Amino acid sequence: MRPNKRDELVSKALKVFYRDGFHATGMDKLVVETGVSKTSMYKHFRTKEELILAALRLRDENFRDWFLKRIDEMAETPAEQILVSFDALKEWFEEDEFRGCMFIKAGAEFQDPDHPIHVQAAEHKQFLLDHFTSVAEQAGAQDPHKLACQIVLLQEGAIVSAVLLHHCDPARDAKDAAKKLLASALN
């Protein structure tokens, strides 16, 4: 398989894992869904877990690129970046293919904290926490790490609520709470 075919396999596998979950998606299903033979898959990925890790790395890159760019497009100040992150999440929630956070799913399906897939999922969340800690510091928060922890908690809760509570507006509600936290942190 040429490198671009490998990338295509990872991209297609990402869509299947996101839609159906990791444990529920076997190699036979991936063969059908991706159009790539098992032999070709195993040439590049010795195990399904290696393919999952590649899919998570791609999702991490794609989500970071989109989320951070979208926030930058909508905000002029660090404080605004914190608040518009919820507007960006709302846009994501409204996509037809939205099925929640792939990293939350990975952490739930691979709960051993030392498992490479769990570690990969945790690294994604740590990146977001570090990013919002930096943004909170730039905004002038008294305790940037604490504010970032609270903001990320609201973001994660909004993601889960968007999947499970269809009669709510979790992005709006989380943004309202974030406004109060931000005002308190900047005083």
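It should be emphasised that the depicted structure is a prediction, and the values quoted were computed from it without experimental measurement.

A.B. asks: How would you summarise the packing of aromatic side chains if you had to cite specific residues and measurements?
C.D. replies: Inspection of every chain in the model, using the stated rule, returns 10 aromatic pairs. Taken together through their ring pairs, the aromatic side chains of F63, W66, F67, W92, F93, F98 and F132 make up a single cluster. Here the guanidinium or amino end of R64 rests over the ring plane of F127, the centre of that ring lying 3.5 Å away. For the cation-ring pair, K105 lies above Y18, with the distance from its terminal atom to the ring centre recorded as 4.7 Å.

A.B. asks: Which residues make up the nonpolar core, and what values do they have?
C.D. replies: F17, F67, W92 and F93 are the most contacted members of the largest nonpolar core, which totals 59 residues. Residue contacts for W92: discarding those within four places in its chain leaves Y18, R59, F63, W66, F98, G100, C101 and I159.

A.B. asks: Lay out the state of the cysteines with the relevant residues and their values.
C.D. replies: Tallied over the full model, the rule gives zero disulfides. Of all cysteine sulfurs, the one in C149 lies closest to C101, which takes part in no disulfide; the gap is 17 Å.

A.B. asks: Any details on helix α6 (residues 102-109)? Residues and values, ideally.
C.D. replies: Buried within α6 are the following residues: M102, F103, A106 and G107. One side of α6 carries all its buried residues, which in axial view fall inside an arc of 135°.

A.B. asks: So what's going on with a nonpolar patch on the surface? Residues and values would help.
C.D. replies: On the surface, V160, V163, L164 and L165 cluster together into a nonpolar patch covering about 310 Å² of accessible area. You can see L164 is positioned in helix α8 (residues 144-164).

A.B. asks: Lay out the pattern of salt bridges in plain terms, naming residues and giving numbers.
C.D. replies: Pairing of side chains with opposite charge becomes possible as their charged atoms draw close. Under the defined criterion, the tally for this structure stands at 17 salt bridges. Where D169 meets R172, a salt bridge forms, and the shortest distance between an N and an O atom there is 3.6 Å. Judged by relative accessible area, which is 19%, D169 ranks as buried. It is possible to trace a salt-bridge network through shared partners that takes in K90, E94, D169, R172 and D173.

A.B. asks: Outline the packing of helix α4 (residues 48-74) against helix α5 (residues 78-93), listing residues and values.
C.D. replies: Here α4 crosses α5 at 125°, and the two axes come no closer than 9 Å. With respect to their mutual orientation, α4 and α5 come out oblique. Along this stretch, α4 crosses α5, giving a crossing that reads as right-handed. Listed contacts from α5 to R59, F63, W66, F67, R70, I71, D72 and M74 of α4 are Q81, V84, S85, D87, A88, L89, E91 and W92.

Thresholds, definitions, all that
- Residues numbered from 1 in each chain as written.
- Predicted model: local features only at pLDDT ≥ 70, side-chain atom pairs only at ≥ 80, totals over all residues.
- Heavy atoms only, no water.
- Phe/Tyr/Trp six-rings, centres within 6.5 Å; stacked < 30°, edge-to-face > 60°.
- Lys NZ or Arg CZ within 6 Å of the ring centre and 35° of its normal.
- Core = buried A, V, L, I, M, F, W, Y, C linked by side-chain atoms within 4.5 Å.
- Buried < 20%, exposed > 50% of the residue type's maximum accessible area, 1.4 Å probe, protein only.
- Contact = heavy atoms within 4.5 Å.
- Disulfide = S-S within 2.5 Å.
- Helix = DSSP H or I, 4+ residues; strand = E, 2+ residues; numbered from the N terminus.
- Arc of directions from axis to C-beta.
- Patch = residues over 30% accessible without salt bridge, like charges linked within 9 Å, V, L, I, M, F, W, Y side chains within 5 Å.
- Areas by Shrake-Rupley, 256 points an atom, 1.4 Å probe, with all protein chains shown as cover.
- Salt bridge = Lys/Arg side-chain N within 4 Å of Asp/Glu carboxyl O.
- Axes fitted to C-alpha atoms, helices over the stretch in contact; angles between N-to-C directions.
- Parallel < 35°, antiparallel > 145°, perpendicular 65-115°, else oblique.
- Left-handed = near helix turned anticlockwise from the far one by under 90°.

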